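# Topology and contacts: notes
Residues per chain, in single letters:
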Amino acid sequence: MKQLSNFDEIYQFLATRFGNEKEYLQAVHEVLHDIVPIYNANEQYKAFDVVRRLCLPERIIYFTISWSNSDGDVEVNQGWRVQHNSNMGPYKGGLRFHPSVNVSVLKFLAFEQCFKNALTGLPMGGGKGGSDFNPRGRSDRDIMLFCQAFMRELQRHIGANTDVPAGDINVGAREIGYLYGEYRRLNNKFEGVLTGKGLEFGGSYVRTEATGFGLVYFLDAVCAEHDTHIEGKTVVVSGAGNVALHAALKATQKGAKVISLSNSRGLLHNEAGLSESDINYAIEQHTASDNILRDMDSKKMGQWHENKTPWNLPCDIALPCATQNELHETDAEALIENGCTMVLEGANMPCTNKAQSLFSKHRITYVPGKASNAGGVALSGLEMSQNAMFSQRDPKLLDEELNDIMKHIHSLCVAEGKENGDDYINYMKGANIAAFRRLADAMVAQGI
Ligand code: NDP
Ligand code: 2IT
């Protein structure tokens, strides 16, 4: 029976084989540290070698997308689907279109997705996919042609009970519509094979808002746990996409002062706090604009600062909602010095390892994305169940269920994340252990 003397042993096994996959190793390292003691204390987990099996994807599909753009030129992109773990349900997780997409990024996202999906309590395994295609500056027609070519390859590997992709960076409602249309045409099936669909063709109410809203529902629970509330707090948000804008909107509705948004090119700062109508303007216009934040500056909704990030702004709460490793150790230092006491991740792994360590050293409340951004995939799970029943549920009830799911995840983190004799809650440890127990039990029950 395999006893792991410490987490280094299995990490070394992975590091030797996947030494150049730094994001994947970073995500695994973060989890192993917390779960190996639980593994070592459980004879069945050891007998079934669950940790090693959980770290390795069940399958990685690679394909080349050769397509003809709207000018008739041939373009070639790379595509992947990482089907990480299916013990708890069909592989489930988003698709990302970005030039930075590679195997390491998708493996880290797929690995984290398994833990996140386990926390939702819904029957979903974990996966992630995407392409190095860069949609910036492309015509709508090019986006459609690319999505169709991508789906021509992906379609043979997915299905409503096999693998259910959704959106992620640069894959939103428009792209899901084009992807879904191509799947339906090729398979002659109208089934819940993708989530994030339009409301007219099997989509769910509240899915668009769910990640950002869910993040703020989680923040509500964190505030209650610490005898405080969101109202009156100064909040910095990074990103200006689906997650960031809906987080900013819900936080503003709850009385917080949201003083920033950002993108890969710079920062929008509004010291007085963005209004609901400013944020709604961004929600309505961001997909049509090349840089919505610069447009907001020209409309006097804040000041645009080229190449700046929000992390030097004084605040009570930080919500990083853009991308992985966007918040470094020096940013964490600046946040702490300027009075920030809570950091909740809307993006996946936005804080570097060193930034995380600094937060815990200074007893800053830090919540990893696998817990705090689980609202998006939770609503995807509810979209899948609506599709299976050919129904469409009421938005108010779905919003309440999202709130309940986020509160439940919070309680799991608190139950497993409280250190003995200390009132500091280690949300990272809590999330990792709670998710691991569920995953490991499902693996043991289903044999090798
Ligand atoms: P969007 O494509 O809607 O928005 C992404 C935002 O992040 C844009 O403002 C983009 O700026 C910015 N961004 C992207 N790359 C960088 C970078 N390298 N540096 C700074 N800013 C960057 O994506 P989402 O809002 O859907 O996703 C954001 C994060 O949330 C991702 O980590 C994703 O994995 C995670 N997530 C998403 C969920 C969902 O349901 N959509 C669910 C759970 C997590 P620019 O326009 O300049 O590129
Ligand atoms: O990171 C994520 O959780 C997502 N991009 C959403 C996944 C999903 O299947 O809804």
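Details of the structure are given in the entry above.
Attention here is on the structure that accompanies the text. Not measured: the values here are computed from a predicted model. (Residues numbered from 1 in each chain as written. Chains lettered and ligands numbered in written order. Predicted model: local features only at pLDDT ≥ 70, side-chain atom pairs only at ≥ 80, totals over all residues. Heavy atoms only, no water.)

## Section: the packing of aromatic side chains
- Counted by the stated rule, this structure contains 17 aromatic pairs.
- Taking the centre distance of 5.1 Å and the plane angle of 85° together, the rings of Phe97 and Phe146 count as edge-to-face. Within this pair, whereas Phe97 is found in strand E3 (residues 91-97), its partner Phe146 is found in helix H6 (residues 140-154), the two being separated by 49 residues in sequence.
- Accessibility expressed as a relative area gives 1% for Phe97, which makes it buried.
- Measuring from ring centre to ring centre gives 6.5 Å for Phe213 and Tyr217, while their planes differ by 65°; the resulting arrangement is edge-to-face. Here the residue Phe213 and the residue Tyr217 both occupy positions in helix H8 (residues 207-225), the gap between them amounting to 4 residues, near one helical turn. Residues Phe213 and Tyr217 agree in their burial class; the two are buried.
- Of the aromatic side chains, those joined through ring pairs into one cluster are Phe63, Trp67, Phe97, Phe133, Phe146 and Phe150. (Phe/Tyr/Trp six-rings, centres within 6.5 Å; stacked < 30°, edge-to-face > 60°. Helix = DSSP H or I, 4+ residues; strand = E, 2+ residues; numbered from the N terminus. Buried < 20%, exposed > 50% of the residue type's maximum accessible area, 1.4 Å probe, protein only.)

## Observations concerning the packing of helix H9 (residues 242-253) against helix H10 (residues 276-285)
- Where H9 meets H10, the closest approach of the two axes is 10 Å, and the angle between their N-to-C directions is 160°. For the element pair H9 / H10, the angle class is roughly antiparallel. Pair H9 / H10 crosses with left-handed handedness. Across from Leu245, His246, Ala248, Leu249, Thr252 and Gln253 in H9, the residues of H10 making contact are Glu276, Ile279, Asn280, Ala282 and Ile283.
- A class-by-class count of the residues in the contact of H9 with H10 yields 6 nonpolar, 4 polar and 1 charged. (Axes fitted to C-alpha atoms, helices over the stretch in contact; angles between N-to-C directions. Parallel < 35°, antiparallel > 145°, perpendicular 65-115°, else oblique. Left-handed = near helix turned anticlockwise from the far one by under 90°. Contact = heavy atoms within 4.5 Å. Nonpolar A, V, L, I, M, F, W, Y, C, P; charged D, E, K, R; others polar.)

## Some thoughts on helix H16 (residues 395-417)
- In a regular helix each residue adds 1.5 Å, so 23 residues correspond to 33 Å; H16 covers 32 Å between its end C-alpha atoms and thus fits that length.
- What H16 keeps buried is the set Leu398, Leu402, Ile405, Met406, Ile409, His410, Cys413, Val414 and Gly417.
- Those residues of H16 that are buried are in contact with helix H5 (103-120), H8, helix H14 (369-372), helix H15 (375-388) and helix H17 (427-445).
- Where H16 begins, one side-chain oxygen reaches toward the backbone nitrogen of Lys396, 3.1 Å away; that side chain belongs to Asp394. (Expected span 1.5 Å × (residues − 1). Polar contact = N/O pair within 3.5 Å; in protein donor to acceptor, adjacent residues only side chain to side chain.)

## So, H15
- The terminal C-alpha atoms of H15, which comprises 14 residues, lie 20 Å apart, in line with the 20 Å expected from a rise of 1.5 Å per residue.
- Burial analysis of H15 places 12 of its 14 residues in the buried class, the great majority of the element.
- Inspection of H15 places Gly375, Gly376, Val377, Ala378, Leu379, Ser380, Gly381, Leu382, Glu383, Met384, Gln386 and Asn387 among the buried residues, and these make up the whole buried set.
- Buried positions along H15 lie against E3, H5, strand E5 (163-166), H8 and H16.

## Observations concerning the sheet that holds strand E7 (residues 257-263)
- Strands sit in the order E9-E8-E7-E6-E10-E11-E12 across an open sheet of 7 strands; the sheet is mixed. Each having just a single partner strand, strand E9 (303-306) and strand E12 (365-367) make up the two edges of the open sheet. Within the sheet, the average angular offset between the axes of one strand and its neighbour, ignoring direction, is 15°.
- One ladder, built from 2 bridges, connects strand E10 (residues 317-320) with strand E11 (residues 342-344); its direction is parallel. Residue pairing in the sheet places Ile317 in a bridge with Met342 of E11. (Pairing = 2+ DSSP bridges.)

## Thoughts on the side chain of His84
- You can see His84 is positioned in strand E2 (residues 74-85).
- Ignoring sequence-local partners within four residues, the contact set of His84 consists of Leu54, Cys55, Leu56, Pro57, Glu58, Tyr91, Ala110, Phe111, Cys114, Gly126 and Gly127.

## Here's the deal with the sheet that holds E3
- Taken together, the 5 strands give an open sheet; going across it, the order is E1-E2-E4-E3-E5, and neighbouring strands pair in mixed fashion. Strands at the two margins of the open sheet, each flanked by one partner only, are strand E1 (59-68) and E5. Geometrically, the sheet is characterised by an average inter-axis angle of 20° between neighbouring strands, direction not taken into account.
- Examined bridge by bridge, E3 and E5 share 4 bridges and lie parallel to one another. What sits directly across from Lys92, in E5, is Val164.
- Sheet contacts for H6: E1, E2, E3, strand E4 (126-131) and E5; angle to E1, the most-contacted strand, approximately 140°.

## Topic: the state of the cysteines
- Considering all chains together, one arrives at 0 disulfides under this definition.
- Here Cys315 stays free of any disulfide, with the sulfur of Cys340 as its closest cysteine sulfur at 4.1 Å. (Disulfide = S-S within 2.5 Å.)

That is the geometry; function is a separate question.
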